[in-house]
Amino acid sequence: MLVQLTYASRVSKTLGSEDIKNILQHSQTNNQADGVTGALCLSNGIFLQILEGDRNTVNRVYHKILQDSRHKDPAILDYQEITARQFSDWSMGLIAKTEDNKQLFLKYSSNADFDPYSMSAESLRGFFDEVVGNVRWLRKSPA
């Protein structure tokens, strides 16, 4: 059975660009081996991550994240059974806080500061739907 788990956590310490690169590389390697796909967003000191794959595997990955000292205040924001993966091309994609993404963050967040803790499951799904749609559009756009 396929599931999709969306969680948020606060960064427990300041992370530099090398730290983020390291997290992304390890996630991609581990997730590819485990058959887990998803996306990671880091903004305002908050991780927002969506994981999808086999229920037992996704649960195991999430429990591993709970043991990671870089995370504090973890919360599952959405958990659902799915019929197909939304991020099948991504072992783990990074959605960075950039000027381009600022309007997207604001569109789904209740205030100017991106705060997934205050977002509904429906808003989170809309946010990730739009992220996937934008990536697919960019891939198809002429250079």
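Residues numbered from 1 in each chain as written. Predicted model: local features only at pLDDT ≥ 70, side-chain atom pairs only at ≥ 80, totals over all residues. Heavy atoms only, no water.

## Some remarks on the packing of aromatic side chains
Here is step 1 of the chain: If you walk through the whole model with that rule in mind, you get 4 aromatic pairs.
Here is step 2 of the chain: Measuring from centroid to centroid gives 5.9 Å for Phe87 and Phe128, while their planes differ by 85°, and the two rings are edge-to-face. Residue Phe87 is located in the loop between β4 (71–81) and β5 (93–96), and its partner Phe128 is located in helix α4 (residues 121–140); the two are separated by 41 residues in the primary sequence.
Here is step 3 of the chain: Taking relative accessible area as the criterion, Phe87 reaches 2% and is therefore assigned buried.
Here is step 4 of the chain: Centre to centre, the rings of Tyr108 and Phe127 are 6.2 Å apart; their planes meet at 80°, and the pair counts as edge-to-face. Of the two residues, Tyr108 sits in helix α3 (residues 99–108) while Phe127 sits in helix α4, which places them 19 residues apart along the sequence. The pair formed by Tyr108 and Phe127 is uniform in burial state, with each residue classed as buried.
Here is step 5 of the chain: Here the aromatic cluster, defined as three or more aromatic residues joined through ring pairs, consists of Phe87, Tyr108, Phe127 and Phe128. (Phe/Tyr/Trp six-rings, centres within 6.5 Å; stacked < 30°, edge-to-face > 60°. Helix = DSSP H or I, 4+ residues; strand = E, 2+ residues; numbered from the N terminus. Buried < 20%, exposed > 50% of the residue type's maximum accessible area, 1.4 Å probe, protein only.)

## Looking at the layout of surface pockets
Here is step 1 of the chain: Counted as a void, the largest pocket has a volume near 410 Å³.
Here is step 2 of the chain: For the largest pocket, the lining is made up of 19 residues, of which Ser27, Asn30, Ile65, Asp68 and Arg70 are closest to its centre.
Here is step 3 of the chain: Residue contributions to the lining of the largest pocket peak at 7 residues, all from helix α1 (residues 17–34).
Here is step 4 of the chain: In terms of residue class, the lining of the largest pocket is built from 7 nonpolar, 7 polar and 5 charged. (1 Å grid on protein atoms, 1.4 Å probe; cavity = no way out; pocket = protein on both sides within 12 Å on 5 of 7 lines; lining within 4 Å. Points joined across faces, edges and corners; volume = space filled by probe spheres on them. Nonpolar A, V, L, I, M, F, W, Y, C, P; charged D, E, K, R; others polar.)

## Remarks on the side chain of Asp78
Here is step 1 of the chain: With respect to the secondary-structure elements, Asp78 resides in strand β4.
Here is step 2 of the chain: Only 2.7 Å separates the side chain of Asp78 from the side chain of Arg125, close enough to count as a polar contact. (Polar contact = N/O pair within 3.5 Å; in protein donor to acceptor, adjacent residues only side chain to side chain.)

## Structural notes on the pairing of strand β1 (residues 2–11)
Here is step 1 of the chain: For β1, a buried count of 8 out of 10 residues is recorded, marking the element as mostly surrounded by other parts of the structure.
Here is step 2 of the chain: Sheet topology note: the β1/strand β3 (residues 46–54) ladder contains 9 bridges and is antiparallel. The residue of β3 that forms the bridge with Gln4 is Glu52.
Here is step 3 of the chain: Bridge count for β1 against β4 is 8 bridges, and the pairing is antiparallel. If you follow Thr6 over to β4, its bridge partner there is Asp78. (Pairing = 2+ DSSP bridges.)

Purely spatial values, then, with no claim about function.
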